[in-house]
Amino acid sequence: MAVLLKINGKSQAVDAAEGTPLLWVLRDHLGMTGTKFGCGIAQCGACTVHVDGQPIRSCITAHEDVEGTDIVTIEGLSSRQAAVIQAAWEAIDVPQCGYCQSGQIMSAVNLLANNANPSDGDIDDAMSGNICRCASYMRIRQAIKDAAKKL
Amino acid sequence: MFLDLANKNLTQAAKPKHIPILFKPTRRHVLGGLGGLTIGLSLAACQSKTKSESPKALAEFPDNSGLEEGPGLFISIAEDGRIQIRSPRSEMGQHALTSVAQMIADELDVEWDMVELAQAIGHPKYGDQNTDGSTTVRNNMIHFRRAGASMRHMLEQAAANEWGVDKSECSSELGVIRHGSGKKISYGEIAKAAAALDIPSEEDVVIKDRKDWRYIGQSMPSVTVPKIVRGEGIFGIDVRLPNMLNAVIARPPTVWGKVKSFNPDDALAIAGVVKVLELPAPQGDAIGFQQVGGIAIVAKDTWAAIQGREALQVEWDAGPNETYNSDEYAAALTEAVNKPGDVKLRRGDVSSQLAQASKMVSADYYAAHLSQSPMEPPAATAKWDGDKVECWACTQAPQAARRTVAQVCGVPEENVTINVTWLGGGFGRKSKADFVVEAALIAREMGQAVKVTWTREDDLKHGYFHAVSAQHMEAALDENGQTTAWLHRSAFPSINSTFAAGVDQGSEFELSLGATDAPVAAPNMQVEIGKAEAHLRIGWLRSVANVYHHFAVGSFADELAHAAGRDSKDYLIELIGSDRNWDPTTDGAIYPNYGRSLEEYPIDTARLKAVIEKAAEMAGWGRDLPQGRGMGISAHRSFLSYVATCVEVDVDDEGRITIPNVWVALDAGTVVNPRHTKAQMEGGTLFGISNALYGEITAKDGVVQQTNFPDWRVMRMREAPRAMEVHIMESDAPPGGVGEPGTPPAAPAIANAIFAATGKRFRRMPILGQSDHLNLTGEG
Ligand code: FES
Ligand code: FES
């Protein structure tokens, strides 16, 4: 049974087995590889996307469960927060290998959408679900603060 | 580098590396093509037809396809003046593409915006492509610079010919050649004429004076980051080909384990699963980079393959390693280092000094197996066309992948093309080609393109693990507290065990990473190696044996300071002693020096002490700290660079640690990109702290017990230091490595800081493991 998903503003019919996580629908069925696989069990945050404005781990979210929602992936970020965050990331070259960074940015965009001036503790809470094995944490924290100042 | 060294017999000293000649000045290495210029050098080759990815409106780069033999294509200029650089080095977060571009663009003298980067395929004609051992800049800077300078030379010569003037009257400036008369011509316009010239000989090429550098030494922005922040980078796991199938593999739980029996029916019943097939078992008596065997589940999408594997019924023969229990092994290693081993460095007479010392100090250290666990797990795609195979992989070592695929599949190397994608981290894991071999084997069986994806569980259970180790240290102190004798005994399963049968002790090469190179001034010093067989695939991880050796050396130095009642930093400086260039071979050690000569890259104690003083100064070493806080320091030379790390920890009443501050001083000689070098120090330091606090892979009955990130713990944002400052020492010295040297001093620095804060010495890595509280009562 095809499921209709609205991704980055566009409706797409998906014919995947029931229970297939959104992550693999995005990557394997729709060819949207910006959303990454890191653990498959909601531990690393690499697969973070927004569903109705909330960050979720797409690796544990069955695609049929998000039918009728607004799904935004890294490829579809278009808010002002997002642009400022991407610019802040570029300004100090936050990413090293970059593999975790789609997820980091999705989490950071959500943080700043809800909290214009996050404290270190707020950043810890919002970002500790996103592992960066390159350990770019110093710069992620810095870039979030830089972006907050601009917003 | 490790690959090469690991493949050699390391009982012989590594000879200084032969540096390939840059150019053979023959016409064949220059191609005019569509009016542009392409230059080839011995680092460089490209057999595949490559088209610029740029929009059609832009000029084409010269067609590379005519070049089958000899040095190949490396830098191309299009008619509109754009430059394409094909990097032979893999990009895995060290911003290698950006550094390579800086070195070439500087000498070529072009606008930064005109440079485009592409990735070279794996081919021996590119020289050393093994992106390992922190070598991209330190071993290749001169090659990249000469390549750019040679091209500039040819463009100037072509302009001079055109104008009928002497070349000495022409000069370049950012993509334009000018003559004193006011004439000028752009690189794009003169490129075709330049392509008709011979490549100049090395002596004729003038490289820039350091003071004239425009990009080298500057924090040029990364060329990959703009894509990364938009999710556009293509990593190995992102490769998609038409009609591609997706596979995961059920691998034998133990090394050299085998499939006893399996029933594919339940797996095939999963929607989307198209085939279940058994992979060949590894051959010979060394596992090397071969596939480990097992059952592949091939499906339409990755999820179906994962579900198919869950459903698969398979029974395993555990094989020879089923007795491996890391707890018992830890006890055996500690026992091994508590009796005399094979002496690998000897100066003076350690035993008699220890016997008669006014004070004797000894300590045992232990460090668990670690996993590299790059954020992108291994992934590779392969597609056969007759007896030729093309692979796409996140590999650090594309030539090793090519060689191994050819060997295992029984085809000539020429039939194997390895396309290198971006790497979502490497840390040594992706130097090993097993995952590329798997993709090639399955794709051949399927007759269509197949991508093999490793799940995180696969990555943790079937890795090439960093060696577990035990270290025994003893020292004699005289009545003034000075160290007069130093004994270091080490035991760990060797990387060589992965490449040869019967290896039962660590190599001189591994000892040279942190043990035989410890610049201890004591008149008596001895380094010994104990027995240790391997029961997992042992591989290298960021900074390799330096991790455990320097954990012991750096912690023990601090223990001696306390035993002598001295300040830790001052004592460390004294332990290192006078300013000198130290050569461990004079004490009988085999010392490869990271593949370079000691004349060019000495072990310079003055530089080591200078970074210690700098880090201490940045930290305000010696200042009063609030209750519960402590500072620790350590310093080490590795990969030809010197790093001192000072860590401040805060430990609360319940033993919870936070890290308010870290200071790092780095002397890496000449630095190409300070911003990215600092990023490597940040990442390398945090990687080291993560290992020290949390990193532990264990095995029971030969099976690795960790499954995913909850039980394989790595540092997260809330555990990262609150502040960190990195200082790069000004230096004209030849470039050292930067990807790895940040890691070794981090572990002892944090252990020393915890001691300063709590009075408790932790001699076992990981210090915390799964706990959030230091064990302040039991044995460290
Ligand atoms: S892949 Fe979803 S949280 Fe790791
Ligand atoms: S940048 Fe490499 S994992 Fe985060």
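This is a predicted model, so every value here is computed, not measured.

Asks: How should I be thinking about a negative patch on the surface in this particular structure?
Replies: Residues and elements named next belong to chain B. On the surface, Glu315, Asp317, Glu322, Asp327, Glu328 and Asp701 cluster together to form a negatively charged patch. At the level of elements, strand E13 (313-317) and helix H8 (326-336) are the ones that each hand at least two residues to the negative patch. Following the sequence through the fold, Asp701 ends up in the loop between strand E28 (699-700) and strand E29 (703-704). A relative accessible area of 43% places Asp701 in the partly exposed class.

Asks: Would you take a moment to explain the nonpolar core for this structure?
Replies: Side chains that are nonpolar tend, in soluble globular proteins, to be buried together. Counting residues in hydrophobic clusters, the biggest one holds 228 residues, and the most contacted among them are A:Trp89, A:Tyr137 and B:Ile442. Setting aside residues no more than four positions away along its own chain, A:Trp89 makes contact with A:Val94, A:Pro95, A:Gln101, A:Gln104, A:Ile105, A:Ala108, A:Ile140, A:Ala143, A:Ile144, B:Val225 and B:Val229. Core analysis: the next-biggest nonpolar cluster, separate from the first, contains 39 residues, B:Leu108, B:Val115, B:Tyr215 and B:Ile216 among them.

Asks: How do you make sense of H8(B) when you look at a structure like this?
Replies: One full turn of an α-helix is made of 3.6 residues, so residues set three or four places apart face in the same direction. All names here are of chain B. Every buried residue of H8 is accounted for by Ser326, Tyr329, Ala330, Leu333 and Ala336. Taken around the axis of H8, the buried residues stretch over an arc of 125 degrees, which confines them to a single face. Exposed residues lying more than 90 degrees from the buried face of H8 are Asp327, Glu328 and Glu335.

Asks: Looking at this structure, I do not really get the environment of B:Val337. What am I missing?
Replies: Residues and elements named next belong to chain B. Along the chain, Val337 turns up in the loop between H8 and strand E14 (342-347). Separated by 153 residues in sequence, Val337 and Ser490 place their C-alpha atoms 6.1 Å apart. Residue contacts for Val337: discarding those within four places in its chain leaves Ala470, Gln471, His472, Arg489, Ser490 and Ala491.

Asks: Honestly, the sheet that holds strand E19 (residues 450-453) of chain B in this entry has me stumped. Any pointers?
Replies: To summarise the sheet geometry, strands pair through backbone hydrogen bonds and adopt either a parallel or an antiparallel arrangement. All names here are of chain B. The strand order across the open sheet formed by seven strands is E11-E12-E9-E19-E16-E17-E18, and the pairing between neighbours is mixed. The strands lining the two open edges of the sheet, one partner per strand, are strand E11 (273-279) and strand E18 (416-420). Within the sheet, the average angular offset between the axes of one strand and its neighbour, ignoring direction, is 25 degrees. The pairing of strand E9 (residues 245-250) with strand E12 (residues 294-299) spans five bridges and is antiparallel. The partner of Ala250 across the bridge, within E12, is Ile295.

Asks: Looking at this structure, how should I read the packing of aromatic side chains?
Replies: Residues and elements named next belong to chain B. All chains considered together, the criterion is met by 14 aromatic pairs over all chains. For the pair Phe235 and Trp422, a centre-to-centre distance of 5.8 Å together with 80 degrees between the ring planes defines the contact as edge-to-face. Of this pair, Phe235 sits in the loop between helix H5 (225-228) and E9 while Trp422 sits in the loop between E18 and helix H11 (434-446), and the two are 187 residues apart along the sequence. What links up through ring pairs into an aromatic cluster is the set Phe289, Tyr464, Phe499 and Trp540. Here the basic side chain of Arg429 rests over the ring of Trp454, its NZ or CZ set 4.9 Å away from the ring centre.

Thresholds, definitions, all that
- Residues numbered from 1 in each chain as written.
- Chains lettered and ligands numbered in written order.
- Predicted model: local features only at pLDDT ≥ 70, side-chain atom pairs only at ≥ 80, totals over all residues.
- Heavy atoms only, no water.
- Patch = residues over 30% accessible without salt bridge, like charges linked within 9 Å, V, L, I, M, F, W, Y side chains within 5 Å.
- Areas by Shrake-Rupley, 256 points an atom, 1.4 Å probe, with all protein chains shown as cover.
- Salt bridge = Lys/Arg side-chain N within 4 Å of Asp/Glu carboxyl O.
- Lys, Arg positive; Asp, Glu negative; His and termini not counted.
- Charge placed at Lys NZ, Arg CZ, Asp CG, Glu CD.
- Helix = DSSP H or I, 4+ residues; strand = E, 2+ residues; numbered from the N terminus.
- Buried < 20%, exposed > 50% of the residue type's maximum accessible area, 1.4 Å probe, protein only.
- Core = buried A, V, L, I, M, F, W, Y, C linked by side-chain atoms within 4.5 Å.
- Contact = heavy atoms within 4.5 Å.
- Arc of directions from axis to C-beta.
- Pairing = 2+ DSSP bridges.
- Axes fitted to C-alpha atoms, helices over the stretch in contact; angles between N-to-C directions.
- Phe/Tyr/Trp six-rings, centres within 6.5 Å; stacked < 30°, edge-to-face > 60°.
- Lys NZ or Arg CZ within 6 Å of the ring centre and 35° of its normal.

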